[in-house]
Structures are given as structure tokens and as C-alpha cells.
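Fold and geometry: a report
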Protein chains: 2
Amino acid sequence: MNNDANSRRPPTMADIAARIGVSRQLVSLVMRDQPGASDETRRRVREAAKELGFTPHVGARSLRRAQSKDLGVIFAPTHSPEPEIVEAIYTAGAARGYDVMLSAQTATRSTDQAVDDLLGHRCAALIVIGSNLDHANLRTTAERTLVPVVVVGQGRRNQHYDVVRSSGDKGISELMDYLAGLGHRRIAYVDPASMAPAALRRRGYERSLKRHDLSRDLLSLPGDSLARNYFEEAGSAAASELLRRRTLPTAVVAPNDDTAVSLLQTLVRNGLRVPEDISVAGFDDAPIARLTSVDLTSVRQDPDLLGAAAVEAAVRRAEQLELPPRESVIETSLVVRGSTAAPRRRTRSSAAVAAR
Amino acid sequence: MNNDANSRRPPTMADIAARIGVSRQLVSLVMRDQPGASDETRRRVREAAKELGFTPHVGARSLRRAQSKDLGVIFAPTHSPEPEIVEAIYTAGAARGYDVMLSAQTATRSTDQAVDDLLGHRCAALIVIGSNLDHANLRTTAERTLVPVVVVGQGRRNQHYDVVRSSGDKGISELMDYLAGLGHRRIAYVDPASMAPAALRRRGYERSLKRHDLSRDLLSLPGDSLARNYFEEAGSAAASELLRRRTLPTAVVAPNDDTAVSLLQTLVRNGLRVPEDISVAGFDDAPIARLTSVDLTSVRQDPDLLGAAAVEAAVRRAEQLELPPRESVIETSLVVRGSTAAPRRRTRSSAAVAAR
DNA sequence: TTGTAGGCGTTATCAG
DNA sequence: CTGATAACGCCTACAA
């Protein structure tokens, strides 16, 4: 009855046109929602397309079209806030009429491979999320690309690519203001040495110390940010270091939630109560911070806003290539949860630890 | 010196050919590593390609080529084991000469949209990871697709699409054997009602009860698996229910790690010690289980094997469409960590809870 | 080893 | 609204 098994060729616009007796270009018009077809014809075209299971060939389309409407996105699928930003990019892109093409960056697949993949599809712009490339590499990439590049999460304003990041310094400052306002006088800060956006956040801590006349208590953790579970191990290590002390700070801040949660859990497992004995806060407001069983105070870095800003930057320059790249800074906001509270009057907590 | 700002057109094979004075087809030959060009010519072509920043237009290529070498992958970027499976698919696909095209499934982007996206690129096969579609929908999708569909993580053998899943029932059985072997006689099981692969895992629990002559203790949790943090909330809710009891089981098993970790944390926050007072185990061996501060015993569901099996199924049917779909079952393995131990002789733990 | 010719499915232009 | 024609960049076949 049907064609044989080898008629696996997907239907084309010509097939639709033949089926309902109109021209190919009319079908094309309808598929693009362009004026020039009657409502009745539109209906018949759409109906036939559905019956045949027609899907436009995007390769042919991009071959013919002058300009692409695709945003290429490079991301690390298993790296904490990146998938959320990707979802936001889909939403923001759709709102501006852009499709999204994903390309993963993994242990066995370099950023350059992902770039070539997306360039091969002739994307209108590239959005690179949390790349492990440094500025020199990113610059080289942006130069060979011919297409605007937007870097999300790291970097500073420069003339080669757009930068979209959150205001980590101000976010940490606000968190410190809140803790100091609660009465905390000794606030420790965990610093995972090899984390790209960490420098900015630490600056927020350092400046807050002066503003509130607090003493500095920096726990610097070495390591490789690409190593599996680096952030979590940094949190555990910081907790262990604290637990070895005779007196504890009344609060600890970490520049990401993975580290903060790991720190918090290690403290709790060792008999401390949070926030009664010690307050803990993080950065990101990652899903893990929102768990009712974690309930971590954190500085929210809105993935939706980051994604939207990245799309805006990409579209802006895709449509006007001569514009210079910009830097977009996304405001953070403090999310107070149950892991922080006013310190106790006397440092009974440290006594409790010493007694263990 | 150079062309003007509007010469943003990416270089083509013709440009390369013109530059070094050879024919376009020779360039094509070289780019495809086909025989028919001298080594010297090859070198010059590659050099010119690099200088010009040439990237082959995959749209044009797919338009011309008879068969595609792309695997389309549909996944939910923020859903726990999926990104890891995606990474594995990249590796396995590359080993077989296939590229990977990703398309995300989000709260605002349906599976069908992702399917259309990938079909538009004329992928050779579709791999659908953890879709929220039921069998009827998946079947309809597979039928309209003309291209083989592989479903990862759920479903049973059928004649419309391939199924690649892990042996959840056997995995849970093995875990139960281990716990019973430690001396546990009362083992509770958390069952998030709306989780796709949960039914199979629960069957493993049920069967183990008979084998070890244990009494059944099933905590059934309602909810919508697409809701944010559903699994975590299920874990917290299960913990709360346990804490209300006068006597506790000596062990609790959950069919995924998110639920198990949330359960564990809630128990710890309420003063129980794990594993001294109660053992907790999960399923997935997700990264979160490996945190030193969580250290959760779990049933490992190897994302690399799942990804490799999915690629194998996809390639197999892409290259021989007439073959019937198969079901591939990936063996799980028990990963014992610190959250499980032999129960205490007397149920002091329950007394401790009652005293709170 | 190189050249010539044609076509993949779509978009675009222009005259009817 | 249709029909004719061309083009996008690449691949394939075949002839030189």
C-alpha cells in the first residue's frame, strides 16, 4: 500500500505542494508565516504538512538564508549552575525569535571542538558559559570566529568579547553587612583558590572587614577546579580545619553553595548545630541550598537573568556587528534562610567543641 | 587592506581552492580524508583552510549527503543523572564516528519541540533521556519520526523504540541482601509515586522482603515528578513521617540519591546519627552521594554504560532500519559507603527518638 | 590528479 | 496567488 521500506526520505515542501496542488513557494510562505497566502490555503498547507509529518530541513534553510537565527551555546553539562543558565537561554532566545544550539564541553571534548561544531552550523553568535579557557584563549577564539562571542560567568570588559557576570563582590558585601548586623564579629571566609569568579567575591569579603572593623579569617583551599568534587572537598577541608581550632568563628561564608553545603554538613556531622553554634552561608542559591534539609542562606545569582543578559548581548551584536562588546553585571540578592542567625552571647559553642 | 566590514561571509571550499589554485572538489576530498590528492596538496589545502578560518558548513553537507552521522539527544539539563549520560554519549558517539546534537527539554520546551528541532537537522537517530512522556506518547513520537528512537531510563521492550535502562530491581535486591546480611530486620522503603523507573525498583524491594522474611514498611509519597525539588521533598517528608513514629526501622532505602540524601539530612538534623542509629541507602550513585560529607551507600547506575548502550542501539538501527528495537539492561553495582552499618543490638535509637 | 555537471531542500526575486 | 529561475555550499559521478 505504502511506498517500500526505502522510501524513508523525509517529506519536503515539494511533497506538500504536490499533495494539495499548490506551488512550492506558497508552502514556503506559509511555513514562514509570511503574507501572500489566503487563510484557506494556509490551513490546507498546515494540514498536509502535519499529515505527511513534514519538518523543514534546517540545513537547507541555513544554506539559503542570509542570516542565521541560531544562538550557539557552549556549556559543561555537569557543572552546577550552567544547566540552569542554559534553560534560561532557551526561554530568552525564544522570546527574541532565536533558536538555541547546544554543544557540550567535557573532559574529552575541548572548548575549541565545541566552537567548531557551532560555527559549522553557522550560528549567529556564540555564548560560552563558564569556560575553563583564560582570557588569552578566549580572545583568540573570539578573533577567529567572525561571529560575536559572549562569555558568561567570568572575565572583565574587553574589546574582543562580551562579558556577562554577576556582581560577586557586592553580593558578598551585602551578606557580610547582614551577618555583622546580626552581631557576628568573627566571620571566616573559605576561598577555593582555583575558582574563576572567586577573586571578585573575596574582594567583597576583604572590603567588608574594614567597613565593619572585623578581623580577617581566610581559609584558603588549594586544588584544581576541574577536578571532580573540588568544591565539595574544599568545604569538607575547611570544616575540618575549623573543627581543629579551640575557638570557632560565629559565622562562615563560602563563595559557592557546593562548598558551603559540604562545609555545613561536615560541621553538623561533627556535632555542631547550625545556626545555633555557628552560622553558614553560601553563594549561588543553587537548588541544593533550597532543600528543606539544607536551608542555606545564600547570595542569589539569578541564572534566568544571566541567561537573559547573555542572549541580549549575543543578539545585540549579532544584529550589529560593528558595536563594541560590553560587560553586563547582574545584581545579586541576599536570600536569608535557616542556616544563619544571631550569634549566642557567650561563646558556649567553642566550649562545646573543646569538650568533645 | 582587507575586504570591508560586510565581508563577514565565512570562507567556503571555493575560497580555499581559489587561494591555492586547485579545484573545489580537491578541497572537498582533502576535508573528507578521501584518497585522490597528493600529500603536498593535502598540506597546502589544510594550511589554507587554517589561515582562512574555514569551517565546513554542516547544513550544506547534510543537504547533500545521503545519510546523516548525527545522533540527536533530548535531555533535561537540570535533571540529575542526565547530564552525565549526555557526556557519555559524546564519547561513545565519537568512537563510532557520530556527532551529537543536543536539544533540551525544559519546563517551557516540550519533548515534541525538541524532537522537531532534531528532526529538522535530519539526525540519523534520536536518543530520548528520561522523558516525561508515557509509553503511548513515546510510541506516537517514534512512529512519526521515520528515524529510530532510543529511550533511556524507562520503559519496557516494545516494537516501536529501543529501551536502554538499568536493572533497578536487581540493584535494589542486592542492596537488600547486603542490609539483611548486616542483620537488619526492619527495612523501610521510600516510594516517590510519580517517578518513572520507581516501579521496577520497588519490585526489587518487595521480592527481597519475601526472600529474607522481612515485614514490609513502604512509605509512599505522592507528587509530581516534574515539580521543582520533588525528589528532595519526598525525602524530607519520609523522614518526618519516620520521626513521628515511636520505633524506627534500622534501615531506610530510597530509589534515588536525591531523595535518600534529603532523608538522611533531615534525620541527622533531628538528632539521629547515621549509620549508628539508622542506616540510609539510595540509588544512582550520583555525585552528591560521593561527597565526603554525605557518604551515601548507593546502587550505582553507570551513566557511561547507559550512554554507550544508547549509542550502540541508536547506531545499530540507524544503519539497519529494518532491525527490530531491542531492550538493553545495564547491570548495577552496590557501592557501600559510610551511611550503612550493622544495626545496634537493642533499639536504643527508638528510645532516643521517643525521648525527644 | 583535475574538471564538469548536476542536485540536495530551501529561500528569494520577478514576472505574470 | 502561481510559475520560472537562480542561488546557497557541499558532495558524487563521471570524464579528461
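Just so we're clear, the structure is a prediction, and the values are computed from it rather than from any experiment.

1. A short note on the nonpolar core
Ile 89, Ile 127 and Val 150 of chain A together with Ile 89, Ile 127 and Val 150 of chain B are the most contacted members of the largest nonpolar core, which totals 96 residues. Those residues in contact with Val 150 of chain A that lie beyond four places of it in its chain are Ala 125, Ile 127, Val 128, Tyr 161, Asp 162, Val 164, Ala 310, Ala 313 and Ala 314 of chain A.

2. So, the protein's contact with DNA strand C
Inspection of the region around DNA strand C gives 26 residues, with Thr 12, Met 13 and Ala 60 of chain A together with Ser 23 and Ser 38 of chain B positioned closest. Grouping the amino acids of the surface near DNA strand C by side-chain chemistry returns 10 nonpolar, nine polar and seven charged.

3. Re helix α6 (residues 111-120) of chain A
All names here are of chain A. What α6 keeps buried is the set Ala 114, Val 115, Asp 117, Leu 118 and Leu 119. Turning to α6, the residues buried within the fold contact β1 (70-75), β2 (99-104), β3 (125-129) and α7 (135-145). Positioned one or two residues after α6, Arg 122 has a phi angle of 55 degrees, which is positive.

4. Side note on the relation of the copies chain A and chain B
With an RMSD of 0.4 Å, the fit of chain A onto chain B corresponds to turning through 179 degrees and sliding 0.2 Å along the axis. In symmetry terms, the pair is related by a two-fold rotation axis. For chain A, the smallest separation between a C-alpha atom and the rotation axis is recorded for Gly 59 of chain A, amounting to 1.8 Å. Here 100% of the contact residues of chain A are again contact residues in chain B; the copies associate through an equivalent surface.

5. Let's talk about the interface of chain A and chain B
Counting residues at the interface gives 49 residues for chain A and 49 residues for chain B. Looking at the side of chain A that touches chain B, the elements with two or more residues in it are α4 (58-64), α5 (82-95), β2, α6, α10 (230-243), α11 (257-269) and α12 (287-290) of chain A. The biggest single contributor to the side of chain A that touches chain B is α5 of chain A, with six residues. Looking at the side of chain A that touches chain B residue by residue, the class counts come to 19 nonpolar, 18 polar and 12 charged.

6. A short note on the protein's contact with DNA strand D
Close to DNA strand D lie 24 residues; Leu 26, Ser 38 and Arg 64 of chain A together with Thr 12 and Ala 60 of chain B are nearest. Residue assignment for the surface near DNA strand D shows that the elements contributing at least two residues are α2 (24-31) and α4 of chain A together with α2 (24-31) and α4 (58-64) of chain B. At four residues, α4 of chain B tops the list of elements feeding residues into the surface near DNA strand D. Looking at the surface near DNA strand D residue by residue, the class counts come to nine nonpolar, nine polar and six charged.

7. A closer look at the environment of Val 86 of chain A
Looking at the element boundaries, Val 86 of chain A is found in helix α5. Leaving out residues up to four positions away in the same chain, Val 86 of chain A has contacts with Val 73, Phe 75 and Leu 102 of chain A together with Pro 77 and Ala 104 of chain B.

8. Overview of the domain arrangement of chain A
Taken domain by domain, chain A consists of domain 1 (2-56), domain 2 (66-166 + 302-331) and domain 3 (168-301 + 336-354). In this structure, domain 1 of chain A and domain 2 of chain A have C-alpha centres spaced 35 Å apart.

9. Quick look at the sheet that holds strand β12 (residues 333-335) of chain A
Residue and element names in this part refer to chain A. On the basis of which strands lie adjacent, the open sheet formed by six strands has the order β7-β6-β8-β9-β10-β12 and mixed pairing. Across the chains shown, the open sheet's two edge strands, defined by having one partner strand only, are β7 (218-221) and β12. On average, each strand axis in the sheet is inclined to that of its neighbour by 20 degrees, with strand direction left out of account. Here four bridges tie strand β9 (residues 279-284) to strand β10 (residues 297-300), and the two strands are oriented parallel to one another. Residue pairing across strands places Gly 282 opposite Ser 298, the latter belonging to β10. In this fold helix α9 (residues 198-212) packs onto β6 (187-192), β8 (251-253) and β9, with an angle of close to 165 degrees to the strand it touches most, β6. Contacting β6 and β7, α10 crosses the sheet at an angle of about 145 degrees to β6.

What counts as what
- Residues numbered from 1 in each chain as written.
- Chains lettered and ligands numbered in written order.
- Predicted model: local features only at pLDDT ≥ 70, side-chain atom pairs only at ≥ 80, totals over all residues.
- Core = buried A, V, L, I, M, F, W, Y, C linked by C-beta atoms within 7 Å.
- Buried ≥ 20, exposed ≤ 12 C-beta atoms within 10 Å, placed from the backbone.
- Contact = placed C-beta atoms within 7 Å.
- Near = placed C-beta within 6 Å.
- Nonpolar A, V, L, I, M, F, W, Y, C, P; charged D, E, K, R; others polar.
- Helix = DSSP H or I, 4+ residues; strand = E, 2+ residues; numbered from the N terminus.
- Least-squares fit on C-alpha atoms with pLDDT ≥ 70 in both.
- Domains from an automatic or database assignment.
- Pairing = 2+ DSSP bridges.
- Axes fitted to C-alpha atoms, helices over the stretch in contact; angles between N-to-C directions.

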